[in-house]
Amino acid sequence: MSSVTVDLMASRRTVLGRAAIAAIGAMVLPAAGAASASAAKSAQKSVEYQGHPKAGHSCNTCKNFQPPQSCKVVEGPIEPSGWCDKYTHS
Ligand code: SF4
């Protein structure tokens, strides 16, 4: 077997190996992203969300609040005047 043939075989193995790694990555990464996206926000009940302030604290002064009615860490519509136990002053 000539050295050119050996080089071509090694090159083909490298290309096929990289293609296999890329294919596996394409299958695994979207699944991981979907899992983290669904786990990213808490249910309102689990964080004692309420539609009114507590002890002078409310969503509109929380760093997690996203106007007009969303939150980075809690699911569903969020009232600016609401509150939950993940409150973090902005
Ligand atoms: S108090 Fe809770 S629900 Fe309101 S913005 Fe902050 S983390 Fe979100």
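As a reminder, the structure under discussion sits directly above these lines.
What you see is a predicted model, and the numbers here were worked out from it, not measured in a lab. (Residues numbered from 1 in each chain as written. Predicted model: local features only at pLDDT ≥ 70, side-chain atom pairs only at ≥ 80, totals over all residues. Heavy atoms only, no water.)

Q: How should the site of the ligand be read in this particular structure?
A: Around the ligand, the structure places Y49, C59, C62, N64, F65, C71, V73, V74, C84, K86 and Y87. If you map the ligand onto the pockets, it falls in the largest cavity. Class assignment for the residues of the shell around the ligand results in nine nonpolar, one polar and one charged. (Near = heavy atom within 4 Å. 1 Å grid on protein atoms, 1.4 Å probe; cavity = no way out; pocket = protein on both sides within 12 Å on 5 of 7 lines; lining within 4 Å. Sits in = over half its atoms within 2 Å of the grid points. Nonpolar A, V, L, I, M, F, W, Y, C, P; charged D, E, K, R; others polar.)

Q: So what exactly am I meant to see when it comes to unusual backbone geometry here?
A: Among all residues save glycine, negative phi is the norm, and among peptide bonds the norm is trans. Look at the link from P67 to P68: it is a cis peptide, with omega at 10°. As for its placement among the helices and strands, P68 is situated in the loop between strand 1 (65-66) and strand 2 (70-71). Backbone geometry at E48 places phi at a positive 60°, although glycine is not the residue there. Among the secondary structure elements, E48 is positioned in the loop between helix 1 (3-40) and strand 1. The exposure class of E48 is exposed, given its relative accessible area of 52%. (Helix = DSSP H or I, 4+ residues; strand = E, 2+ residues; numbered from the N terminus. Buried < 20%, exposed > 50% of the residue type's maximum accessible area, 1.4 Å probe, protein only.)

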